[in-house]
Amino acid sequence: SRYVPELKWYLVVEEDEAGALEPVTNALWHSLLLGALATLLACTLTWSAIQRYQDRIELAAAVDTLTGLTNRRVGEALLNRAIDEARRKRQPLSVALLDIDHFKHVNDTRGPLGGDTVLRAVGAATKAAMREGDIAIRWGDDAVLVLLEDCPAGDAAKIAQKLCDKVAV
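Right, let's walk through the structure included here. (Residues numbered from 1 in each chain as written. Predicted model: local features only at pLDDT ≥ 70, side-chain atom pairs only at ≥ 80, totals over all residues. Heavy atoms only, no water.)

Moving on: unusual backbone geometry. When glycine is set aside, most residues are seen to have a negative phi, and most peptide bonds are trans. Phi is positive for K8, which is not a glycine, with a value near 55 degrees. Position of K8 relative to the elements: it lies in the loop between strand 1 (2-4) and strand 2 (9-11). For D150, which is not a glycine, the phi torsion comes out positive at approximately 50 degrees. A relative accessible area of 45% means that D150 is categorised as partly exposed. (Helix = DSSP H or I, 4+ residues; strand = E, 2+ residues; numbered from the N terminus. Buried < 20%, exposed > 50% of the residue type's maximum accessible area, 1.4 Å probe, protein only.)

What follows is the structure, given as structure tokens:
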């Protein structure tokens, strides 16, 4: 509205806002939709990257990088869980502890890289010789503990001998 002093009138112009604001309203909705889609895409990519990173961290925390076997920290938790479960189910539980003979001599004569090569080979041979469901744990520098759930002592001795034969050089 505007006052026209010469005429002493108020000039009032009326117009339907819907037609005038329609392009602005459409632009607003498109912008909101595109913003929401961009935000969703960014959140999805961020979540995916975080999930992959977390999976790698969990794997690194659970697996001995040299041998590929379960590391001792996680292995102790698995061993305690297996003991509790064997007691609860009243099932046999056996453990085989494999020790690499003369490992110090290997390190002394071939150096640390030679020892690492032996450890990698022992880890691979141990994994290849185990039954499905058995768990191999790098227990010490040159020791591997194999957790044999639902396995009586006689069967465990045979499995341990098979593991030793596979690993022996």
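Attention now moves to the packing of aromatic side chains. Considering all chains together, one arrives at 1 aromatic pair under this definition. When the centroid spacing of 4.9 Å and the interplanar angle of 55 degrees are considered together, the rings of Y3 and Y10 count as tilted. What makes Y3 partly exposed here is its relative accessible area of 39%. Here the guanidinium or amino end of R72 rests over the ring plane of W139, the centre of that ring lying 4.1 Å away. (Phe/Tyr/Trp six-rings, centres within 6.5 Å; stacked < 30°, edge-to-face > 60°. Lys NZ or Arg CZ within 6 Å of the ring centre and 35° of its normal.)

Moving on: the nonpolar core. Within the largest apolar cluster, 19 residues are counted, with the highest numbers of intra-cluster contacts made by A136, V144, V146, L148 and L163. Every element with two or more residues in this core is listed here: strand 3 (93-99), helix 3 (103-129), strand 5 (143-149) and helix 4 (153-167). Not counting residues up to four positions away in its chain, the partners in contact with L148 are L93, S94, A96, R131, D134, A156 and I159. One finds L79, I137, W139 and A143 within the second-largest nonpolar core, a separate group that totals 8 residues. (Core = buried A, V, L, I, M, F, W, Y, C linked by side-chain atoms within 4.5 Å. Contact = heavy atoms within 4.5 Å.)

Locating S94 in the fold gives a position in strand 3. A distance of 2.6 Å separates a polar atom in the side chain of S94 from the backbone oxygen of C151. For S94, the contacting residues outside a window of four places in its chain are V146, L147, L148, C151, P152, A153 and A156. (Polar contact = N/O pair within 3.5 Å; in protein donor to acceptor, adjacent residues only side chain to side chain.)

A few words on the sheet that holds strand 5. Taken in spatial order, the 3 strands of this open sheet run 3-5-4, and their pairing is antiparallel. Two strands close off the open sheet at either side, each with one partner strand: strand 3 and strand 4 (135-138). Direction aside, the axes of adjacent strands within the sheet are offset by 20 degrees on average. The pairing of strand 3 with strand 5 spans 7 bridges and is classified as antiparallel. Paired with A96 across the two strands is V146, which belongs to strand 5. Set on the sheet, helix 3 makes contact with strand 3, strand 4 and strand 5; between it and strand 5 the angle comes to about 10 degrees. In this fold helix 4 packs onto strand 3 and strand 5, with an angle of close to 25 degrees to the strand it touches most, strand 3. (Pairing = 2+ DSSP bridges. Axes fitted to C-alpha atoms, helices over the stretch in contact; angles between N-to-C directions.)

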